[in-house]
Amino acid sequence: MPIDPCCLADYEALAQELLDAGPHGYFAGGAGDERTLRANVAAWGEHRLLPRVLVDVHDVSTATTVLGTPVSMPVLVAPVALQKMAHPDGEAGMARAAAAAGTIMTLSTIATSTPSEVATGAPADAPRWFQVYVLSDRGVTRTLVEEAEACGFTALVLTVDAPRAGRRECDLRTGFAVPEGIDMPAVTSATGGSAGITPAGFFSLMDTTLSWDDLETFVADSPLPVLVKGIHHPADARKAVERGVAGVVVSNHGGRQLDNVPATADMLGPVVDAVAGAAEILVDGGIRRGTDVCAALALGARAVLVGRPALWGLTAGGEAGALQVLKLLQAELELAMTLLGCARVEDITADRLA
Ligand SMILES: Cc1cc2nc3c(=O)[nH]c(=O)nc-3n(C[C@H](O)[C@H](O)[C@H](O)COP(=O)(O)O)c2cc1C
Ligand SMILES: CCCCC(=O)C(=O)O
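Parameters at a glance
- Residues numbered from 1 in each chain as written.
- Chains lettered and ligands numbered in written order.
- Predicted model: local features only at pLDDT ≥ 70, side-chain atom pairs only at ≥ 80, totals over all residues.
- Heavy atoms only, no water.
- UniProt positions renumbered as here; feature names shortened; annotations may be inferred.
- Helix = DSSP H or I, 4+ residues; strand = E, 2+ residues; numbered from the N terminus.
- Contact = heavy atoms within 4.5 Å.
- Near = heavy atom within 4 Å.
- Polar contact = N/O pair within 3.5 Å; in protein donor to acceptor, adjacent residues only side chain to side chain.
- Areas by Shrake-Rupley, 256 points an atom, 1.4 Å probe, with all protein chains shown as cover.
- 1 Å grid on protein atoms, 1.4 Å probe; cavity = no way out; pocket = protein on both sides within 12 Å on 5 of 7 lines; lining within 4 Å.
- Sits in = over half its atoms within 2 Å of the grid points.
- Nonpolar A, V, L, I, M, F, W, Y, C, P; charged D, E, K, R; others polar.
- Buried < 20%, exposed > 50% of the residue type's maximum accessible area, 1.4 Å probe, protein only.
- Pairing = 2+ DSSP bridges.
- Right-handed = clockwise from strand over helix to strand, strands pointing away.

As annotated in an unreviewed UniProt entry, the chain carries the name Alpha-hydroxy-acid oxidizing protein and is attributed to Paraconexibacter antarcticus. In its Cofactor (unreviewed entry) section, UniProt records this for the chain: "FMN". A UniProt comment under Sequence similarities (unreviewed entry) is attached to the chain, and it reads "Belongs to the FMN-dependent alpha-hydroxy acid dehydrogenase family."

In structure tokens:
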């Protein structure tokens, strides 16, 4: 690495230097005018933190649990497609980095590795989640989910905010298509091959009839806990909880789907209120600092996920780079907790918001 990165933005700059315009635009870009993409980052900064002093902080721990699973910190790795396009270490490298950091990695349906490749390429006992896109060819989805279950993934994350791709103008400008040699097994199973496919192409495989009844059946049939990802409206969070989900991920897909929706920092509180403790609430979008994690927890999230930051680390240094990013966030969180007067994650409550 050319410089010693000292914050996540430094990794972002490194990743931009290393990637061609097409892949960079796909990873970094958002929908439309990218208002929501920018708002996601900015809004965490609008929730100011209010320290309590003279609290014993000689021993601060970022450890917590998510759906009962112990993790080293309330920061998980979000599902991100096409990771071998960032670095040959791909999803297995990301899974090793998450395991080494003591946290959970979520494998995308549109990954460049199968669930079993990831399970064999990373420590067997590390907890991993599988993100589910329901494709029109439901047999492809079923086979992938069964593979994930068989090789030890511990929860399913059903993404519900992406029946089509948002209007991603970076991809239109660069004419982005998946490079030769990058295979997405789910896409290949559904279409016979994935070379040269565009984001609109892989989104065209989605089952756009997906409904609340499907969610109910999916939860009822699943041997694993199910989280639903892409919830914006508090009433939808309640509906999901009524159908038995174990967790709700407040997410606008990193500003990549519908532009002009609120920042996730601003959607979180109303969802927390609506769910009232009946399920764990996670949030993603724009988390770039340990202080952002503190704001999310103070607003009632159990944990956050990071998408692009982990990808910047993977791009910059493969598995080692992704691990550095996760360790950096953990160190920032530990420092923020210390200065906020919170020795334990459960001490980060609404009382610490200005
Ligand atoms: C390049 C890229 C690919 C993504 N692929 C998926 C995916 O396959 N499935 C999914 O549920 N979310 C996907 N997401 C959304 C992320 O899971 C997450 O919601 C988002 O990145 C969070 O915002 P952040 O990047 O600001 O952390 C993707 C995001 C990016 C940036
Ligand atoms: C078909 C989904 C592709 C990955 C994705 O979710 C994204 O690009 O945001």
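Novice: Requested: an account of the side chain of Arg352, with residues and values cited.
Specialist: Among the secondary structure elements, Arg352 is positioned in the segment after helix 14 (308-340). The contact partners of Arg352, leaving out residues within four places of it in the chain, are Arg48, Leu49, Leu50, Arg52, Leu340, Gly341, Cys342 and Asp347.

Novice: Residues and numbers for the site of ligand 1, please.
Specialist: Around ligand 1 lies a shell of 23 residues, among which Pro79, Ser108, Thr159, Asp284 and Arg288 are the nearest. Between ligand 1 and the protein, one listed contact pairs a nitrogen atom with a side-chain N or O atom of Gln131 at 3.2 Å. Separating an oxygen atom of ligand 1 from a side-chain N or O atom of Asp284 is a distance of 2.7 Å. Contact with the protein chains hides 99% of the accessible area of ligand 1, taken as 600 Å² for the molecule alone. With respect to the detected pockets, ligand 1 is housed in the largest cavity.

Novice: Summarise the site of ligand 2; cite the residues concerned and give the values.
Specialist: The environment of ligand 2 is made up of Tyr26, Ala81, Ile110, Tyr133, Arg168, Phe202, Phe203, Met206, His253 and Arg256. Note that an oxygen atom of ligand 2 is positioned 2.9 Å from one of the side-chain N or O atoms of Arg256. Assessed atom by atom at 2 Å from the grid points, ligand 2 resides in the largest cavity. Its residues placed into classes, the shell around ligand 2 shows 7 nonpolar, 1 polar and 2 charged.

Novice: So what's going on with the pairing of strand 10 (residues 303-306)? Which residues, and what values?
Specialist: Residues Ala303 and Leu305 point to one face of strand 10 and Val304 and Val306 to the other, with burial holding for every one of them. Two strands pair when backbone bridges link them, and strand 3 (residues 75-77) and strand 10 are joined in this way by 3 bridges, in the parallel orientation. Considered in strand 10, the bridge of Val75 is made with Val304. Pairing geometry for strand 9 (residues 280-284) and strand 10, over 3 bridges, is parallel. Counterpart to Asp284 in the pairing with strand 10 is Leu305. Handedness of the strand 9-helix 13 (residues 290-298)-strand 10 crossover: right-handed.

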